[in-house]
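Examining the three-dimensional arrangement
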Amino acid sequence: MSDRHEHSHSHDHTPAHEHGPGHRHDREHRHGLRHRVGHLLAPHSHETADKVDSALESSARGMRALWVSLAVLGATALAQAAVVAVSGSVALLGDTVHNAADALTAVPLGIAFVLGRRAATRRFTYGYGRAEDLAGLLIVLTIAASAAFAGWTAVDRLLDPRPVQHVPAVAVAALVGFAGNEWVARYRMRVGRSIGSAALVADGLHARTDGFTSLAVLLGAGGSALGWQLADPVVGLAITAAIALVLRDAAREVFRRVMDAVDPALVDRAERALTEAPGVRGVGELRLRWIGHRLRAEVAVVVDGDATVREAHRIAVDAEHALLHAVPRLTAALVHADPEPAPGESDPHLPLAHHVTA
């Protein structure tokens, strides 16, 4: 790196880093109502204390969504299980098992959110945010297991048909299942999108499918009431197909997150913000990646080749500042300043070329 022209600048936004008096935060109000409302009104603040509190607040919101969902879906599954015991409906059994599995996904996600709050270490230098992505994989496996179980029970009942007892109770249980799952689905997806958690959004999609499968149980109950014994297992197979569809969507969402995929619109927004930053004459390589429900950025910007180290540092700080305001949920950025090439000057990065693999 040139002593004169190049600069790497990174803000990890931990409590140890202070920008100055203008950025100090009154710690005694950190968990107060005023501070929480402030984050809702200005979620993209770049201040050190605000960034830390925003990350903690997003994890707290995720935890709250999980435990509320666990309570609602747990109560729904228990009510449906009681009806399954007296009715023998395999369609309702599949729906109940799926609801119970959906409720239990709160456990790995809860663990992930707790781990995500831990500070980075010398071994885990990026922190523990990836635990959330691992939880998303567990959720996908849970959905797959639910689909396999629902399909197996439906096929078994097709081969050995039996009448469904207490059909009105099955219908009521189906409506309860739909109401509980739809409420949980909306809640999880709203919070998940708000805090940038792909795993929580996937879990919300999972709950929404459960709601529609509950309505399918209602159709099965209607068929049984009309004397069609195969209505119940046929609906069970329809539930299996619905679970398979949400499995596809959830797997795609989690796979993209694990593979560091980001919305191209975020990259465009970051490039525009950097281009408009004072002193930036060009934008080189730009990378964004999710770590849990937080974004990190790495970027090279081109500055005046005659700029001093202090001037390059100021430009890098301004560029980072612009990024933090422009990109939602961005918590850290590494900005590298490259001098604008002079006529006849060789590429200063040429010594690194042989380290780059195809």
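Computed from a prediction, not measured in an experiment: that's the story for all the values here. (Residues numbered from 1 in each chain as written. Predicted model: local features only at pLDDT ≥ 70, side-chain atom pairs only at ≥ 80, totals over all residues. Heavy atoms only, no water.)

1. Side note on the nonpolar core
Core analysis: the largest hydrophobic core is formed by 39 residues, its most contacted members being Leu92, Leu109, Ile143, Val170, Leu200, Val217 and Ile239. Counting residues per element, the ones that place at least two in this core are α2 (48–87), α3 (90–104), α4 (106–116), α5 (131–159), α6 (167–195), α7 (198–225) and α8 (231–258). Ranked by the residues each element gives to this core, the list is headed by α6, at 8 residues. Look past the residues within four positions of Val217 in its chain and what remains in contact with it is Ala91, Leu92, Asp95, Val170, Ala174, Val235 and Ile239. By size, the runner-up hydrophobic cluster in this structure holds 27 residues, among which are Leu266, Trp290, Val301 and Val327. (Core = buried A, V, L, I, M, F, W, Y, C linked by side-chain atoms within 4.5 Å. Buried < 20%, exposed > 50% of the residue type's maximum accessible area, 1.4 Å probe, protein only. Helix = DSSP H or I, 4+ residues; strand = E, 2+ residues; numbered from the N terminus. Contact = heavy atoms within 4.5 Å.)

2. Overview of the pattern of salt bridges
All told, the structure shown has 10 salt bridges when counted by the stated rule. Close ionic contact of Arg130 with Asp133 constitutes a salt bridge, the shortest N to O distance being 3.1 Å. Between Glu285 and Arg287 there is a salt bridge, with its nearest N and O atoms 3.0 Å apart. Take Glu285: its relative accessible area is 52%, and that puts it in the exposed class. If you follow the salt bridges from partner to partner, you end up with Arg130, Asp133, Asp260 and Arg289 in one network. (Salt bridge = Lys/Arg side-chain N within 4 Å of Asp/Glu carboxyl O.)

3. Quick word on the packing of α3 against α4
For the pair α3 and α4, interaxial distance at closest approach is 5 Å and the crossing angle is 10°. Taken together, the axes of α3 and α4 lie roughly parallel to each other. For the pair α3 and α4, contact is made by Asp102, Ala103 and Leu104 and by Ala106, Val107 and Pro108, respectively. (Axes fitted to C-alpha atoms, helices over the stretch in contact; angles between N-to-C directions. Parallel < 35°, antiparallel > 145°, perpendicular 65-115°, else oblique.)

4. Thoughts on the packing of aromatic side chains
Under the definition given, this model contains 2 aromatic pairs. Between the NZ or CZ atom of Arg118 and the centre of the ring of Tyr128, over which it lies, the distance is 4.7 Å. Stacked on the ring of Trp290, the Lys or Arg Arg257 has its end atom at 4.3 Å from the ring centre. (Phe/Tyr/Trp six-rings, centres within 6.5 Å; stacked < 30°, edge-to-face > 60°. Lys NZ or Arg CZ within 6 Å of the ring centre and 35° of its normal.)

5. Concerning the side chain of Gln80
As for its position among the elements, Gln80 is in helix α2. For Gln80, a relative accessible area of 0% puts it in the buried group. A distance of 3.2 Å separates the side chain of Gln80 from the backbone oxygen of Ala173, its partner in a polar contact. Apart from residues lying up to four places away in sequence, Gln80 is in contact with Leu92, Asp95, Thr96, Asn99, Ala173, Gly177 and Ser214. (Polar contact = N/O pair within 3.5 Å; in protein donor to acceptor, adjacent residues only side chain to side chain.)

6. Thoughts on the confidence of the model for the protein chain
Summing up the model confidence of the protein chain, the mean pLDDT is 76 and the portion of residues at 70 or higher is 82%. Here residues 1–7 is modelled with pLDDT under 50, and outside its nearest four sequence neighbours on either side it reaches 30 contacts, counting other chains as well. Here residues 12–56 is a poorly scored stretch, pLDDT under 50, and it has 59 contacts once near neighbours within four places are set aside; other chains count. (pLDDT = per-residue confidence, 0-100.)

7. So, the environment of Val317
Mapped onto the secondary structure, Val317 falls in helix α10 (residues 309–326). Residues Val317 and Leu334, spaced 17 residues apart in sequence, show a C-alpha to C-alpha distance of 9.8 Å.

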